[in-house]
Amino acid sequence: MTAELHEELTDPNADQLDHGAASSRPLKSRISEPQPRGAKVHGNRPIDQSEAANRFIAATEHEAMHDARLWDLRQKRDKEMHGIEEWEELRDLASGIKEHTLSKLDYYLELFEKNATANGIKVHWAKDGAEHNAIVLDILRKKGVERLIKSKSMLTEECGFRHFMAENNVEVIETDLGERIQQLDDEAPSHVVVPAVHKLRTDVAGVFAKTIGSDPDNADAHYLTECQREATRPLILSAQAGMTGGNFVVAETGTFVVCTNEGNADLSANTPSLHIASIGIEKLIPGLDDLAVFVRLLSRSALGSPITQYTSHFRGPREGGEMHVVLVDNGRSERLGMEKFWRGLKCIRCGACMNTCPVFRRSGGLSYGATYAGPIGLIIDPTFNVHKYRNLPYSSTLNGSCTNVCPVKINIHEQIADWRKTLAGEGEISPVKKVMMKAAGEVLASPVVYRASLPLGRSALRHLPHFMLYNKLNTWGRKRDIPETPKQTFNEWYRKNRKQQAEGGKS
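Every value quoted in this text rests on a predicted model; they were computed, and no experiment measured them. (Residues numbered from 1 in each chain as written. Predicted model: local features only at pLDDT ≥ 70, side-chain atom pairs only at ≥ 80, totals over all residues. Heavy atoms only, no water.)

(A) Highlighting the sheet that holds strand 3 (residues 171-174). What the six strands build is an open sheet, ordered 1-10-7-4-2-3; its pairing is parallel. Sheet topology places strand 1 (122-126) and strand 3 at the edges, where each strand pairs with a single neighbour. Put simply, the sheet's adjacent strands are angled 25 degrees from each other on average, direction ignored. The pairing of strand 4 (residues 241-244) with strand 7 (residues 274-280) spans three bridges and is classified as parallel. (Pairing = 2+ DSSP bridges. Helix = DSSP H or I, 4+ residues; strand = E, 2+ residues; numbered from the N terminus. Axes fitted to C-alpha atoms, helices over the stretch in contact; angles between N-to-C directions.)

And the structure:
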């Protein structure tokens, strides 16, 4: 769901809850401007996040609305945090539980498989996205399934599931409103929690007019939601299979939990008799007591609400039905072995780091050109393809706010900095940056050369013409003016003042 639709669906005359979307101030766009599209993806070529971000920023109405919506979620998160005295204790517990589970992941995976099988669940193992898609397709073909309904799942996006199914003549219908909007617009989700948060209501009206025949001039939230409901419900009711993800997988009970605010996971899981759950292997936690910790943290961190509207526990297939769980690796085992980056596997996909990130809020999630955007994407995406996503770790100010809000205490900003070091060490930086860093390294490696260069640089900045200073090599000057140069360096000041005093004191 878009945040704007979510906010405006609340009856203004009803009693307002002091949390979540119900307390949001409705946002009204002043003009109708075309929605900027995401990053341009060209095979394995490095994603140019900066180019896509500039296009999003140039769409001033979209940029302003996106920033306001996400900052609103961040503020709600802070209010909920301050309302719980033991918040930091919960974060410590959650972080410790995740680190413990990841350190014994093989044990807990086998324990889950044993208990889930005893519950009547058929457990499958997929080493990557291609194997996941093949396993699901085999299940569907054996049942003669032509239409599948699914709830929001970043893992299936990661696996390219929907496109694969289309190529094999299986229709996939998204049941989450935001995901459905993105599907109809042939776009990926731009946020892990609110997939269409970058869209204005006028954008949604345009998409629905082209795809489901609604009035293109009617951007009323209630009207748009009802049009989508009427168009999609018949497809849901006629589907032969349903798919969900899984927010948490409980090893001791062989069960899994899905958290939604629309109940769409329950539609996907319970309308057809065949339920398939695609779950990353990092979603394991040991027991139900551990689950209670994460349920208290998830929605508060994501949306600033005490709990999701639907926290659904799935234990086994209903009578006469089938339940399959596909446990997917897709690079997670390899990431677990990365000394600096394995802690990213603790992520519970709350999106809190995105809501607080000044770069994400102003550039839009689609500018990253990857399944995972924002700060968490900067540390996850290079593990999938270091060359393609080599530019992303530089799309950060390293201000540390992402780490401060992470409910499982992932050291996100430190990992972003570590990725920059790793990429430089592997030669995965742009040619221009290579030349600049090499030159800087030569200057900074020699105190004599460094001190000699300062007066020359100061003079150049003062006297060179504008076009020579503000060129393609000067990335700093693309969006800001170069600061005025000081009259003297610290070294010059020190020699003139403190050094003389120090020498005088010795005598």
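From this point, things continue past the structure.
(B) Inspection of the pairing of strand 4 at higher detail. Burial along strand 4 is two-sided: Ala 241 and Met 243 facing one way and Gly 242 and Thr 244 facing the other are all buried. As paired elements, strand 2 (residues 147-150) and strand 4 share three bridges and run parallel to each other. Among the inter-strand pairings, Leu 148 is bridged to a residue of strand 4, identified as Ala 241. (Buried < 20%, exposed > 50% of the residue type's maximum accessible area, 1.4 Å probe, protein only.)

(C) Representation of the environment of Val 249. With respect to the helices and strands, the residue Val 249 is situated in strand 5 (residues 248-250). Measuring from C-alpha to C-alpha, the distance between Val 249 and Ile 285 comes to 6.0 Å, with 36 residues separating the pair along the chain. Sequence-distant contacts of Val 249, that is, excluding residues within four places in its chain, are made with Phe 112, Thr 255, Phe 256, Ile 279, Lys 283, Leu 284 and Ile 285. (Contact = heavy atoms within 4.5 Å.)

(D) Representation of the pattern of salt bridges in the model. Per the stated rule, a full pass over the model turns up 29 salt bridges. By sharing partners, the salt bridges in this structure join Arg 37, Asp 185, Glu 187 and Lys 199 into a single network. (Salt bridge = Lys/Arg side-chain N within 4 Å of Asp/Glu carboxyl O.)

(E) Quick look at unusual backbone geometry. Although it is not a glycine, Asn 169 adopts a positive phi angle of roughly 65 degrees. Within the secondary structure, Asn 169 sits in the loop between helix 8 (161-167) and strand 3.

(F) Structural context of the nonpolar core. One finds Phe 248, Phe 294, Ile 376, Ile 379, Ile 410 and Ile 412 to be the most contacted residues of the largest nonpolar core, which totals 58 residues. Per element, the largest residue contribution to this core is seven residues, and it comes from helix 13 (residues 288-302). Not counting the four nearest positions on each side in its chain, Ile 410 is found in contact with Arg 343, Gly 344, Lys 346, Cys 347, Ile 376, Ile 379, Thr 403 and Gln 415. With 24 residues, the next largest nonpolar core counts Phe 112, Ala 269, Ile 279 and Ile 281 among its residues. (Core = buried A, V, L, I, M, F, W, Y, C linked by side-chain atoms within 4.5 Å.)

(G) Highlighting helix 10 (residues 201-211). All of the buried residues along helix 10 are Arg 201, Asp 203, Val 204, Ala 205, Val 207 and Phe 208. A positive phi of about 80 degrees marks Gly 213, the residue just after helix 10.

(H) Looking closely at the sheet that holds strand 8 (residues 284-285). Ordered in space as 8-5-6-9, the four strands form an open sheet in which the pairing is mixed. Two strands bound the open sheet, and with one partner strand each, they are strand 8 and strand 9 (310-314). Pairing between strand 5 and strand 6 (residues 255-260): three bridges, direction antiparallel. Opposite Val 249, over in strand 6, you have Phe 256 as the bridge partner. The sheet strands contacting helix 13 are strand 5, strand 6, strand 8 and strand 9, and the helix crosses strand 5 at an angle near 170 degrees.

(I) Layout of a nonpolar patch on the surface. Side chains of Phe 490, Trp 493 and Tyr 494 sit close together on the surface and give an oily, nonpolar patch of about 330 Å² of accessible area. Residue Phe 490 is classed as exposed on the basis of its relative accessible area, which comes to 64%. (Patch = residues over 30% accessible without salt bridge, like charges linked within 9 Å, V, L, I, M, F, W, Y side chains within 5 Å. Areas by Shrake-Rupley, 256 points an atom, 1.4 Å probe, with all protein chains shown as cover.)

(J) Region of interest: the confidence of the model for the chain. With 89% of its residues at a pLDDT of 70 or more, the chain has an overall mean of 90. This stretch, residues 6-17, has a pLDDT under 50; its non-local contacts, to residues over four places away or in other chains, come to 25 contacts. (pLDDT = per-residue confidence, 0-100.)

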